[in-house]
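# Descriptive analysis of the structure
These are the residues of each chain, in order.
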Amino acid sequence: MSLCLVIDEMHPSLPEYLEPLGVTLHYRPELKAADVPAALAAHPYDGLLVRSKLRVTRELLAHGPHLRYVGRAGAGVDNIDEAALAEANVTLLNAPEGNRDAVGEYAVGLLLALLRNITRADQEVRQGQWRREANRGEEIGGKTIGLLGYGHMGRAFAKRLQAFDCTVLAHDHDPRVEPNHHATLVTLAELQARAEVLSLHIPYSAANHHFVNEELLAGFRNPLWLLNTARGEVLDHAAVVQRLQTGQLRGAALDVLENEKLITLSPEQQTRYDYLRTAPNVVLSPHVGGWSFQSYERINRVLAEKLRVFLG
């Protein structure tokens, strides 16, 4: 038997997946982050399910001495101190398999919107402008698409690119990552030498903060179209703006930003955001790449299967 505290909104299928495993849920999505320590301390919870409301830290874990597992309903675990979990002998379960298909499809949509000027053309027609030649676009076919990171999300994108008759290259720093027939694994230097489009699929960590910066972008031989469906913090937005202004970036499609709480932008962030939101060759969306109705339910299914294995 397991007693599990759920502190974020989850798809309503959660009980039907977890209760047959002997998991009793205390479903409390109304809890504010500041109230979670007291809630953990009030019962002998051995499980905690979270999305992104809360940072799971060493201090928080001290309030849940019976915890055996933390489940993250999604892919990214940048709000979870994995070292602290290991010290406390708490297992981390996440569900990148749950939203990888949504991200893969969405990345294709962003690439099409960027290359074919879809969002710009839509806005112009709504304003009474009919500019065909100005919106002549580029095809995906024949291009070399570079993927930085070849985990669940990168692989899902690569799989969907196979229909476009393009070349897909991928680089991943993890030597355990294996190639498949959807992409060719290459060194970072080869990716920089050949890619015409760069799509980011690396997780956020302290080591990856601004991994894609001016120095890395300067190493690419071709002017790039840039896509980011990963985390905003892996990308130096100052470098992006500068390269868009000089034409060294042909365009950017960003589903994630350096600071997604737009009312809290610093002056420097506000200046960058103002440029991005008005640039005609930039497509922006509010971190919805993995946010589909299907992935919302599938995440529960993936977590349930991993929890079934964990509970034995």
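Residues numbered from 1 in each chain as written. Predicted model: local features only at pLDDT ≥ 70, side-chain atom pairs only at ≥ 80, totals over all residues. Heavy atoms only, no water.

Another point: the overall build of the chain. Along the backbone of the chain there are 12 helices and 12 strands. Scaling as 2.2 N^0.38, a compact globule of 312 residues should have a C-alpha radius of gyration of about 20 Å, and the chain matches this with 21 Å. Once the C-alpha set of the chain is aligned to its principal axes, its extents read approximately 65 × 45 × 35 Å. For the chain, with 312 residues in total, the buried portion stands at 48%. The long-range share in the chain, meaning contacts at least 24 apart out of those at least 6 apart in sequence, stands at 62%. With the model as given, the accessible surface of the chain reaches about 15600 Å², and the carbon-plus-sulfur share is 52%. (Helix = DSSP H or I, 4+ residues; strand = E, 2+ residues; numbered from the N terminus. Rg over C-alpha atoms; globule rule 2.2 N^0.38 Å. Buried < 20%, exposed > 50% of the residue type's maximum accessible area, 1.4 Å probe, protein only. Contact = heavy atoms within 4.5 Å. Areas by Shrake-Rupley, 256 points an atom, 1.4 Å probe, with all protein chains shown as cover.)

Okay, the domain arrangement of the chain next. Per the domain assignment, the segments making up the chain are domain 1 (2–97 + 293–311) and domain 2 (139–280). Averaged C-alpha coordinates put domain 1 and domain 2 at centres separated by 30 Å. With 6 residues of domain 1 at the interface, the matching set in domain 2 holds 4 residues. In total, about 410 Å² of surface goes out of reach between domain 1 and domain 2, with carbon and sulfur atoms giving 56% of it. Considering only the surface of domain 1 that becomes buried against domain 2, Asp78, Pro96 and Glu97 emerge as the three largest contributors, covering 78% of it. Linking domain 1 with domain 2 are 1 salt bridge. At the surface where domain 1 touches domain 2, the tally comes to 1 residue pair in polar contact (both at pLDDT 80 or more). For the side of domain 1 that touches domain 2, the residue count by class is 2 nonpolar, 1 polar and 3 charged. (Domains from an automatic or database assignment. Buried area = accessible area lost by both parts, 1.4 Å probe. Salt bridge = Lys/Arg side-chain N within 4 Å of Asp/Glu carboxyl O. Polar contact = N/O pair within 3.5 Å; in protein donor to acceptor, adjacent residues only side chain to side chain. Nonpolar A, V, L, I, M, F, W, Y, C, P; charged D, E, K, R; others polar.)

It is worth spelling out the layout of surface pockets at this point. As a volume, the second largest pocket reaches approximately 200 Å³. Around the second largest pocket, the lining residues are Thr119, Arg120, Gln123, Leu276, Arg277, Thr278, Ala279, Pro280, Val282, Val283 and Leu284. The set of elements that each furnish at least two residues to the lining of the second largest pocket consists of helix 6 (118–126), helix 11 (267–278) and strand 12 (282–284). Broken down by class, the residue content of the lining of the second largest pocket amounts to 6 nonpolar, 3 polar and 2 charged. (1 Å grid on protein atoms, 1.4 Å probe; cavity = no way out; pocket = protein on both sides within 12 Å on 5 of 7 lines; lining within 4 Å. Points joined across faces, edges and corners; volume = space filled by probe spheres on them.)

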